[in-house]
Amino acid sequence: MNPDPAANTARGGGAGDGAGPEPYDATPFLPKRGRLPAHRRAAADCRGCPLYREATGTVFGRGAPDARLMLVGEQPGDQEDREGVAFVGPAGRLLSRALRDAGIDEEGIYLTNAVKHFKFRRDEPRKRRIHKPPSLREMTACRPWLEAELRLVSPELVVTLGATAGRSLLGPSFRVGTDRGVPRPLTEIEDGAGDGTDVRVLATVHPSAVLRARDGDREGMYEGLVTDLRTAAEALEAR
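Residues numbered from 1 in each chain as written. Predicted model: local features only at pLDDT ≥ 70, side-chain atom pairs only at ≥ 80, totals over all residues. Heavy atoms only, no water.

(A) Fine view of the pairing of strand E2 (residues 69-73). In terms of burial, E2 is largely enclosed, as five of its five residues are buried. Residues Leu69, Leu71 and Gly73 line one face of E2 and the alternating positions Met70 and Val72 line the opposite face, and both faces are buried. Of the strand pairs in this sheet, E2 and strand E3 (residues 109-113) are connected by five bridges, and their pairing is parallel. The partner of Leu69 across the bridge, within E3, is Ile109. In this sheet, strand E6 (residues 157-161) lies alongside E2 in parallel orientation, the contact comprising four bridges. Counted as the bridge partner of Met70 is Val158 from E6. (Buried < 20%, exposed > 50% of the residue type's maximum accessible area, 1.4 Å probe, protein only. Helix = DSSP H or I, 4+ residues; strand = E, 2+ residues; numbered from the N terminus. Pairing = 2+ DSSP bridges.)

(B) Structural view of the confidence of the model for the protein. Confidence in the prediction of the protein, expressed as mean pLDDT, is 88, and 86% of residues score 70 or more. Per-residue pLDDT stays below 50 along residues 8-20; that stretch engages in 14 contacts with residues further than four places along the chain or on separate chains. Long-range and interchain partners of residues 188-196, a stretch whose pLDDT sits below 50, account for 13 contacts in this model, where long-range means more than four residues apart. (pLDDT = per-residue confidence, 0-100. Contact = heavy atoms within 4.5 Å.)

(C) Region of interest: the nonpolar core. Ranked by internal contacts, the top residues of the largest apolar core, which has 64 residues, are Leu71, Trp145 and Leu229. Among the elements that take part in this core, helix H5 (residues 136-153) stands out by supplying nine residues, more than any other. Apart from residues lying up to four places away in sequence, Trp145 is in contact with Ala26, Phe29, Leu30, Pro31, His39, Ala42, Ala43, Cys46, Phe60 and Lys116. (Core = buried A, V, L, I, M, F, W, Y, C linked by side-chain atoms within 4.5 Å.)

(D) Representation of the packing of aromatic side chains. Applying the stated criterion across every chain yields a total of two aromatic pairs. Judged by centre distance (6.1 Å) and plane angle (90 degrees), the rings of Phe60 and Trp145 are edge-to-face. Highlighted residues: Phe60 in the loop between helix H2 (36-43) and strand E1 (62-63) and Trp145 in helix H5, separated in sequence by 85 residues. Sitting over the face of the ring of Tyr222, Arg97 holds its NZ or CZ atom 4.2 Å from the ring centroid. Note that Lys116 overlies the ring of Phe60, its terminal NZ or CZ placed 5.7 Å from the centroid. (Phe/Tyr/Trp six-rings, centres within 6.5 Å; stacked < 30°, edge-to-face > 60°. Lys NZ or Arg CZ within 6 Å of the ring centre and 35° of its normal.)

(E) Empty space enclosed by the protein, seen in detail. Per the stated rule, a full pass over the model turns up one cavity of 30 Å³ or more. Contributing to the lining of the largest cavity are Ala26, Cys46, Arg47, Gly48, Cys49, Leu51, Val115, His117, Glu138, Ala141 and Cys142. Looking at side-chain class alone, the lining of the largest cavity contains seven nonpolar, two polar and two charged residues. (1 Å grid on protein atoms, 1.4 Å probe; cavity = no way out; pocket = protein on both sides within 12 Å on 5 of 7 lines; lining within 4 Å. Points joined across faces, edges and corners; volume = space filled by probe spheres on them. Nonpolar A, V, L, I, M, F, W, Y, C, P; charged D, E, K, R; others polar.)

(F) Layout of the sheet that holds strand E7 (residues 184-185). Spatially, E1-E3-E2-E6-E8-E7 is the arrangement adopted by the six strands of the open sheet, whose pairing is mixed. The outermost strands of the open sheet, each flanked by one partner alone, are E1 and E7. Sheet strands in contact with helix H6 (residues 163-170) are E2, E6, E7 and strand E8 (200-204), and its direction is about 135 degrees off that of E6. Helix H9 (residues 215-237) rests against E2, E6 and E8 of the sheet, and its axis sits at about 165 degrees to E8. (Axes fitted to C-alpha atoms, helices over the stretch in contact; angles between N-to-C directions.)

(G) Structural context of unusual backbone geometry. The phi angle at Phe87 is positive, at roughly 60 degrees, despite the residue not being glycine. Exposure remark for Phe87: the relative accessible area of 6% places this residue in the buried category. With phi around 55 degrees, Ser154 is a residue other than glycine that occupies positive phi space. Relative to the elements of secondary structure, Ser154 occurs in the loop between H5 and E6.

The following block contains the structure:
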């Protein structure tokens, strides 16, 4: 039976030694070996934090297993959760358009999220599922899956979409407004998660932020997203 640190935390139980609740952590659920398909199968049973209880299922990354470019978003949305596929909702469709406008072939990239389960609240009385940002604990718990994807895909450049993805790879001080659009080494991560490989990270806004923008701001935000993606494409071409 797979361990369930989230259940232990919810009960307030620890290791029985008075040390307090166990941390949220997906590590026990990762396979010991195997490529992306093995990790995708294992992620379906992840219980590393409480988000699995309400979500339909785990939404793992998708795309080219040897992609030079990886895009990392925040978490699945309502439609992604229902279909079990990353970036197929409204934000995903906008991202596909932005990639085309930036001259990037979506078939050659890898798409994933920093958190693999949909976090939401119910909108009364219609019972719609409304997105809620993941907490730091939930993001940290899911980090081993993202690190495994980085190791297995081994991209040359990672584009983070939005604040959660940016903080996941660039540290808690990351701010989209000040840190976007400039490639930087992955090995600059504050917690030392970089493995010494020559991987760079470029931050930009999440496409959902473009969709939420006021009518007068939306076109400019979209063009900013496309500009950042073009910068990513040019950085790859220069290598």
